[in-house]
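Listed here are the chains, written in short residue letters.
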Amino acid sequence: MIPVTHRASLSYLLRHPWQLLLALLGVAIGVAVIVAVDLANSSARKAFLLSMDAVTGEATHQIIGGPAGVDENVYTELRVRHGIRSIAPVVEGTVFADERRLSLLGIDLFAEGELRSFTTDASAGDDDSGVEALFRSLLTEPGAVVASASTVERLGIMIGDPVEIIAEGRAHSATLVAVFEDAGGIDDLLVVDISTAQIWLGRIGRLSRIDARLTDDEAVERLEEVLPNGNRLLNAAARTRTTADLSNAFMTNLTAMSLLALLVGLFLIFNSMSFSVLQRRPLIGVFRALGFTRRQLLTMLMLEAAFIGAVAALLGVLLGIVLGEQLLALVSRSINDLYFRVSVTSVDVELLTVLKGFAAGIGAALLASAVPAIEATSYEPRLAMTRSSLERRARSALPLLAIAGVATMVGSAAVLAGSGSNLVAGLAAVFMLILGFALCVPLFVRVAADLLANFAGRLAGTTARMAISGIAAGLSRTAVAIVALAVAVSATIGVSVMVDSFRSSVGDWLEQTLQADIYVGVDRGSMDLELVQDISALDGIVEVSTSRRAWLESEAGQTQLAAIRMAPGSYAGTEILDADPAEVWPAWERGDVVLVSEPYGFHSSVGPGDVILLPTDQGDREFCVAATFQSYDVNSSAVMMSRATYDRHFADDGVDAIGLYLAPDVDADTMISAIDTLGAGRQTLRIASNVSIRRISLEIFDQTFIITDVLYWIAMGVAFIGILSAMLALLLERIREFATLRALGMTPAQVGGLISAQTAVIGLLSGVAAIPLGAAMAWVLIKVINRRAFGWQIDMVVTADVLVVAIGFAVLSALLAGIYPALRAARLHPAAAMREE
Amino acid sequence: MTAPSIEIQVRSLERRFREGEREHVVLDDVDLEIRRGETVALRGRSGSGKSTLLNLIGGIDTPNAGSIRVADTDVTALSERERTLFRRRHIGFVYQAFNLVPTLNVADNIRLVLELNGVKHASADVRIAELLDAVGLGDRGASYPDVLSGGEQQRVAIARALSHQPAVLLADEPTGNLDDQSAEIVLALLDELVRSMGGTMLIATHSNSVASYCDRVIELHNGRFESDTTT
């Protein structure tokens with residue numbers, strides 16, 4: 001039998017379905033966003049790790065070389081001369097088939113042994129299946145490829161079908177000879193014989209790496225001893241983890257955004273719970289008079305909150321799984337654009353994520369309900385509190401709340417100042433800032449509403465005064481709604497200012513960096529060196545710059561190296577941040593001197609005059625850092641080296657892209673056509689003018705922030721529900737007041753207008769309150785969060801239109817949320833309302 | 001001397017409310033005439049239909065059958081908006097629960113009705129001062145309702161109800177929430193002010209002392225008039 005207090009509780013909730021629904025929605029949406037972001041992040045990361053595991057197989061270590069890879073003779077030496085059997089050579093890269101980006105894995109089937117299981121699971125057809133068939137096909141058929149069933153299905157081919165593969169900008173004929181069973185991590189992967197991969201990827205005689213299965217330390221030491229200079233043995237799992245960790249900052253930022261949605265939901269449930277407690281004050285008084293202890297009633301209210309939290313969390317988790325599927329596409333696209341290739345199509349629901357959702361939902365509901373529940377049960381039973389005395393208590397608490405708010409904001413500043421470059425501490429400081437600010441908002445609302453009420457009274461009469469003074473009079477309710485909307489709007493201001501500032505900085509940077517008129521490169525590959533020479537010799541080209549990007553790997557992690565041959569006069573394209581360019585560039589061209597990107601400098605605490613160690617083909621070498629240069633590259637570990645220096649340390653003549661400087665009278669489009677013609681039949685080139693690269697770069701930038709947009713619109717949606725809920729609560733509480741106004745002769749339109757005016761002012765106050773918080777959030781996001789996450793320095797740009805739009809948006813959303821309550825008040829039948837009372 | 005004209009005329013009035021499957025008749029074929037300047041007490045038990053009749057006369061409710069004329073206007077023939085405007089101009093309401101607007105001070109509660117009737121600010125100030133003096137609250141204009149006693153709140157409600165000099169004042173248990181002493185003060189005040197304005201007053205009550213202030217007492221039982229006595 002359910003105790004009578006719980007039955008009373010349940011009955012109350014069921015008799016107020018709208019109120020219950022709004023509270024459920026607020027928490028459910030917050031939980032849904034958390035679950036969705038968590039699922040999308042973990043699914044993308046898991047998919048990446050799975051694919052790495054599949055490709056790495058049983059290998060415990062990997063032998064890697066410099067930018068040009070490992071000489072294949074190293075493999076032969078190790079196997080034949082030193083008798084190390086548990087090793088297998090790998091050539092990998094990126095290719096395209098039917099415009100779909102695929103990973104290419106070139107393996108030596110004889111050496112595979114027990115390293116990769118999927119190579120033994122392939123089927124070449126009904127009548128001719130098994131490993132032998134696969135061996136035969138891969139070794140004897142030129143361009144023989146094997147792929148997973150789902151990849152084959154996406155490409156629309158069957159065994160025996162020809163398929164055109166584009167690698168390094170060149171087309172190759174291939175034939176599908178076998179299909180793997182679908183298994184985790186082998187999506188969008190083509191497996192070929194190693195020699196085929198070497199031909200397609202232009203790496204004759206070179207290997208991407210040598211996988212090794214080393215079971216004990218002795219084996220590791222033995223291999224290290226015989227490894228030629230310039231090659232190194234790395235732990236395979238650590239290498240995978242380092243790559244996956246590249247996206248950590250990106251994922252942490254997304255999680256922070258999802259917590260923001262829950263925070264706004266928290267205000268909503270606070271509003272709903274305090275209203276439901278307020279409505280039952282007389283009942284609570286009766287229960288107390290009958291002999292219920294405070295603890296019993298508090299338990300009743302908190303159990304009710306836990307029940308709402310649990311139901312909302314259940315809804316939120318289900319909604320989150322659906323939302324997660326949508327978000328996954330956005331997250332994986334951003335990760336693909338920014339970090340590493342990941343192929344993932346469906347979310348993988350983990351128990352931990354579900355538990356997180358439930359903990360967030362129930363925790364938020366309990367937290368938000370604790371204050372009204374404790375407050376309501378703290379009175380003597382005889383004190384059947386009136387609304388006005390409650391409001392008086394609320395008003396008297398305002399200064400204390402504001403002091404607590406200021407203290408929290410000071411605490412936030414202290415956390416920022418004392419947490420070095422810790423990203424999580426930075427995000428915690430953002431939430432402290434929001435909380436501190438939220439505590440100050442009620443006092444602001446009180447003061448502003450009083451001032452506005454007097455002003456409105458003088459300007460538009462008693463009705464206008466009544467509309468606005470109603471906001472301050474119902475502060476216990478309106479303030480929470482205003483806080484919720486202000487926090488949501490401030491998030492839009494903060495994020496908009498951050499994105500605008502970032503975009504503006506990136507735009508300026510691109511403008512400065514893209515000095516050449518035309519850029520030529522190959523999609524995911526290196527350029528044909530003869531073609532580079534032919535293009536450079538075209539009439540109308542005055543200067544040529546070249547670039548080569550390579551990842552240098554060591555036990556310490558990955559470093560992206562850019563080897564640049566600058567065109568004379570193009571040095572100004574790289575902004576030197578902390579040294580004299582006139583001294584930096586000559587030294588950079590001559591000796592073992594490098595520049596480090598601003599993110600690299602920030603994360604590694606490296607600056608001018610410092611020495612860094614880089615793995616070269618001759619082993620680790622020291623390079624002097626001449627200066628830091630500005631860069632908005634997401635890979636936060638870029639080192640820039642002159643091509644001459646690069647050539648001294650690395651046996652790699654590859655060129656990824658060239659920049660062409662045209663004579664003044666040469667038309668860029670004409671030149672692009674000429675280069676296209678020159679490349680025809682030799683290599684598919686990507687040719688773009690600096691203008692189009694800038695445009696495309698900014699398009700990618702905008703796409704990256706779509707997720708941010710989605711998340712803050714959800715926060716706005718929750719705030720919208722908050723305002724709607726608050727206005728409905730006010731309407732229910734003041735139903736007799738509105739009925740009286742109707743009896744006194746106010747028309748339905750006037751009563752509706754009164755509520756609309758009130759909601760408009762609520763929106764206005766929210767918008768105004770959101771500006772300082774939004775600006776502060778933008779500053780923290782730009783100067784602290786982005787800096788700590790990515791190491792970028794961004795100039796903060798605040799435009800008036802962002803602020804105007806934010807205020808307009810707050811007023812509009814409040815007005816929209818007020819439409820239904822206003823219509824209900826207008827349709828109120830005064831006699832019926834009086835009778836119900 | 002000619003007899004005062006009829007201010008309120010009710011003919012064959014019926015008001016029914018649906019309660020689930022059942023229909024509850026609150027007023028059943030009621031006829032009533034009240035002359036201008038007359039004060040009438042409607043007496044009866046709870047649920048006898050007193051408040052419903054007041055609401056119908058005041059135009060905040062509509063009958064199922066019958067007609068109501070107030071101040072030469074057929075209220076039952078008016079649209080919702082017309083009834084509101086009619087009520088605004090010609091009717092004053094006083095409720096048992098006072099129903100002051102808690103977010104407005106005393107003066108603004110009265111000003112609200114004056115503004116609705118288009119009275120200019122300066123004129124409204126004068127009228128508010130007069131009314132507050134008349135109800136003995138000349139110094140409480142800036143006070144908010146929640147700091148006033150019940151009797152004081154009801155005096156403000158009376159001042160508000162009479163501020164626009166309505167033809168008809170409808171009072172629903174005006175002393176129901178007051179102690180005997182406050183009730184006496186409020187009734188005396190209502191009687192004095194309405195009579196001095198030459199207004200017509202209809203008071204719903206179940207108190208004998210309230211009825212003693214009125215010219216006529218009508219007993220209502222189960223939605224029908226049982227007696228109509230001139231005092």
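Criteria and cut-off values
Residues numbered from 1 in each chain as written. Chains lettered and ligands numbered in written order. Predicted model: local features only at pLDDT ≥ 70, side-chain atom pairs only at ≥ 80, totals over all residues. Heavy atoms only, no water. Phe/Tyr/Trp six-rings, centres within 6.5 Å; stacked < 30°, edge-to-face > 60°. Buried < 20%, exposed > 50% of the residue type's maximum accessible area, 1.4 Å probe, protein only. Pairing = 2+ DSSP bridges. Helix = DSSP H or I, 4+ residues; strand = E, 2+ residues; numbered from the N terminus. Axes fitted to C-alpha atoms, helices over the stretch in contact; angles between N-to-C directions. Contact = heavy atoms within 4.5 Å.

Enumeration according to the criterion identifies four aromatic pairs over all chains in this entry. Relative to Y95 of chain B, the ring of F93 of chain B has its centre 5.5 Å away and its plane inclined at 5 degrees; by these criteria the two rings are stacked. Since its relative accessible area comes to 4%, F93 of chain B is described here as buried. Taken together through their ring pairs, the aromatic side chains of Y571, W585 and W588 of chain A make up a single cluster.

Residues and elements named next belong to chain A. With five bridges joining them, strand β15 (residues 593-597) and strand β17 (residues 619-629) adopt parallel strand pairing. Across the sheet, L595 pairs through a bridge with A627, a residue of β17. Strand direction decides the pairing type here: strand β16 (residues 611-616) and β17, joined by six bridges, are antiparallel. Its bridge partner being in β17, V611 is matched across the sheet by C624. In this structure, the hairpin formed by β16 and β17 is closed by a connection of two residues.

Here the focus is unusual backbone geometry. Located in the positive-phi region is E168 of chain A, a residue other than glycine, with phi close to 55 degrees. One can find E168 of chain A in the loop between β6 (162-167) and β7 (170-180).

This part takes up the sheet that holds strand β18 (residues 638-642) of chain A. All names here are of chain A. An order of β16-β17-β15-β18-β14-β13-β19-β12-β20 is seen for the nine strands of this open sheet, with the pairing classed as mixed. Single-partner strands in this sheet number two, and they are β16 and β20 (686-689). With direction set aside, neighbouring strand axes in the sheet form an average angle of 30 degrees. Pairing of strand β13 (residues 541-554) with strand β14 (residues 557-565), which is carried by nine bridges, proceeds in the antiparallel orientation. Residue S554 lies in a different strand from β14, and its bridge partner there is G557. Packing of helix α23 (residues 668-679) onto the sheet brings it into contact with β12 (518-521), β13, β19 (657-662) and β20, and relative to β12 it is tilted by some 20 degrees.

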